[in-house]
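Each chain, letter by letter, is given below.
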Amino acid sequence: DVKVTQSSRYLVKRTGEKVFLECVQDMDHENMFWYRQDPGLGLRLIYFSYDVKMKEKGDIPEGYSVSREKKERFSLILESASTNQTSMYLCASRREGGAFFGQGTRLTVV
Amino acid sequence: DQQVKQNSPSLSVQEGRISILNCDYTNSMFDYFLWYKKYPAEGPTFLISISSIKDKNEDGRFTVFLNKSAKHLSLHIVPSQPGDSAVYFCAASLRFGNEKLTFGTGTRLTIIP
């Protein structure tokens, strides 16, 4: 059974903190993605990665960075958290066909 | 620029009837389309997909129709069940494999018992 695991379900962080969201997949997929979901806006792509140490900006990369040191792990970094980054963050991996998502991380920045 | 659009934010359907969710896209290069279902506080789960070489794909109660000339796809759920109440997202990709998915804004489906 395929699995994408995000390290936290819920996080509360203070404005200005550096935040790390971790994602691990066990399917040996080359491609991994970070999306955020906000009401009325759907899922918007932040960053994606085609391979280890490779990364591409998505539609809304500002304020974020990523790291992919190993094939199975893709990390999203909020360099200095702001209240407008309060959102549901979703990690996904894909090889062919559909992408598989993790359970999501609900991040609140106060 | 919203390349994938779901113009109905919500839809209510009686249990046992057919639910039809619609999606339009603007990028004619998209050639693979997917539907996802999402419950609150969970990640989206893959439902069904269709390649641009087909106009219909069926999986149990779920059928997806693709009209390439109109750049339109739809998801039919029949019969609708209470467990189908969720937010449904359509997504599109440039190729079957290693490409990012572009999502619509979602439609909240409520099945009325």
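Residues numbered from 1 in each chain as written. Chains lettered and ligands numbered in written order. Predicted model: local features only at pLDDT ≥ 70, side-chain atom pairs only at ≥ 80, totals over all residues. Heavy atoms only, no water.

A few points about the overall build of chain B
Part 1 of the reasoning: Across its full length, chain B carries zero helices and eleven strands.
Part 2 of the reasoning: In chain B, the succession of α and β elements from N to C terminus is β-β-β-β-β-β-β-β-β-β-β.
Part 3 of the reasoning: Expected size for 113 residues packed as a compact globule is a radius of gyration near 13 Å; at 13 Å, chain B falls within 12% of this value.
Part 4 of the reasoning: Across its three principal directions, the C-alpha atoms of chain B cover 40 × 30 × 25 Å.
Part 5 of the reasoning: Counting every position in chain B, which comprises 113 residues, the buried fraction comes to 45%.
Part 6 of the reasoning: Long-range contacts, defined here as pairs at least 24 residues apart, represent 55% of the contacts in chain B between residues at least 6 apart.
Part 7 of the reasoning: For chain B, the exposed area adds up to about 5,400 Å²; of that, 49% sits on carbon and sulfur atoms.
Part 8 of the reasoning: Here chain B carries 12 positive and 10 negative side-chain charges, and the mean point of each set is 3 Å from the other. (Helix = DSSP H or I, 4+ residues; strand = E, 2+ residues; numbered from the N terminus. Rg over C-alpha atoms; globule rule 2.2 N^0.38 Å. Buried < 20%, exposed > 50% of the residue type's maximum accessible area, 1.4 Å probe, protein only. Contact = heavy atoms within 4.5 Å. Areas by Shrake-Rupley, 256 points an atom, 1.4 Å probe, with all protein chains shown as cover. Lys, Arg positive; Asp, Glu negative; His and termini not counted. Charge placed at Lys NZ, Arg CZ, Asp CG, Glu CD.)

Considerations on the packing of aromatic side chains
Residues and elements named next belong to chain A.
Part 1 of the reasoning: For the structure shown, the criterion picks out 13 aromatic pairs over all chains.
Part 2 of the reasoning: Between the aromatic rings of Tyr35 and Phe101, the centroid separation amounts to 5.9 Å while the plane-to-plane angle is 45 degrees, which identifies the pairing as tilted. Residue Tyr35 is located in strand 4 (residues 31-38), and its partner Phe101 is located in strand 10 (residues 100-101); the two are separated by 66 residues in the primary sequence.
Part 3 of the reasoning: Look at Tyr35 and you get buried, because its relative accessible area is 2%. (Phe/Tyr/Trp six-rings, centres within 6.5 Å; stacked < 30°, edge-to-face > 60°.)

Here's the deal with the environment of Ser49 of chain B
Residues and elements named next belong to chain B.
Part 1 of the reasoning: Within the secondary structure, Ser49 is located in strand 5 (residues 45-51).
Part 2 of the reasoning: For Ser49, a relative accessible area of 13% translates into the label buried.
Part 3 of the reasoning: In sequence terms Ser49 and Phe65 are 16 residues apart; their C-alpha atoms lie 9.7 Å from each other.
Part 4 of the reasoning: Separated by 2.8 Å, the side chains of Ser49 and Tyr32 make a polar contact. (Polar contact = N/O pair within 3.5 Å; in protein donor to acceptor, adjacent residues only side chain to side chain.)

A word on a nonpolar patch on the surface
All names here are of chain B.
Part 1 of the reasoning: On the surface, Ile18, Ile20 and Val78 cluster together into a nonpolar patch covering about 230 Å² of accessible area.
Part 2 of the reasoning: Along the chain, Val78 turns up in the loop between strand 8 (72-77) and strand 9 (86-93).
Part 3 of the reasoning: Classification of Val78 as partly exposed rests on a relative accessible area of 43%. (Patch = residues over 30% accessible without salt bridge, like charges linked within 9 Å, V, L, I, M, F, W, Y side chains within 5 Å. Salt bridge = Lys/Arg side-chain N within 4 Å of Asp/Glu carboxyl O.)

Focus on the interface of chain A and chain B
How big an interface is tends to be stated in terms of accessible area lost as the parts join.
Part 1 of the reasoning: Taken together, the contact between chain A and chain B spans 25 residues of the former and 21 residues of the latter.
Part 2 of the reasoning: With both sides pooled, the region where chain A packs onto chain B buries about 1,800 Å², and carbon together with sulfur makes up 56% of that total.
Part 3 of the reasoning: Together, Leu43, Arg94 and Phe101 of chain A form the three largest contributors to the area buried by chain A at its contact with chain B, with a combined 28%.
Part 4 of the reasoning: Connecting chain A to chain B are seven residue pairs in polar contact (both at pLDDT 80 or more).
Part 5 of the reasoning: Secondary structure elements with two or more residues in the side of chain A that touches chain B: strand 4, strand 5 (42-49) and strand 9 (87-94) of chain A.
Part 6 of the reasoning: When its residues are assigned to classes, the side of chain A that touches chain B shows twelve nonpolar, eight polar and five charged. (Buried area = accessible area lost by both parts, 1.4 Å probe. Nonpolar A, V, L, I, M, F, W, Y, C, P; charged D, E, K, R; others polar.)

A look at the state of the cysteines
Part 1 of the reasoning: Evaluation of the coordinates by the stated rule reveals two disulfides over all chains.
Part 2 of the reasoning: The disulfide partner of Cys23 of chain A is Cys91 of chain A, and the S-S distance across this bridge is 1.9 Å. Between Cys23 of chain A and Cys91 of chain A, the S-S torsion sits near -80 degrees, and that sign places the bridge as left-handed. Of the two residues, Cys23 of chain A sits in strand 3 (residues 19-25) while Cys91 of chain A sits in strand 9, which places them 68 residues apart along the sequence. You'll find Cys23 of chain A and Cys91 of chain A in the same group, each marked buried.
Part 3 of the reasoning: At a sulfur-sulfur separation of 1.9 Å, the disulfide partner of Cys23 of chain B is Cys90 of chain B. In this structure the cystine formed by Cys23 of chain B and Cys90 of chain B twists about its S-S bond by roughly 65 degrees; its chirality is therefore right-handed. (Disulfide = S-S within 2.5 Å.)

Quick word on the sheet that holds strand 3 (residues 19-25) of chain B
Residues and elements named next belong to chain B.
Part 1 of the reasoning: As summarised here, the arrangement of the five strands in space is 1-3-8-7-6, forming an open sheet in which the pairing is antiparallel. Each edge of the open sheet is held by one strand with a lone partner, namely strand 1 (4-5) and strand 6 (56-59).
Part 2 of the reasoning: Of the strand pairs in this sheet, strand 7 (residues 62-67) and strand 8 are connected by six bridges, and their pairing is antiparallel. Note that in strand 8 the partner of Phe62 across the bridge is Ile77. (Pairing = 2+ DSSP bridges.)

In short, shape yes, function no, at least from these values alone.
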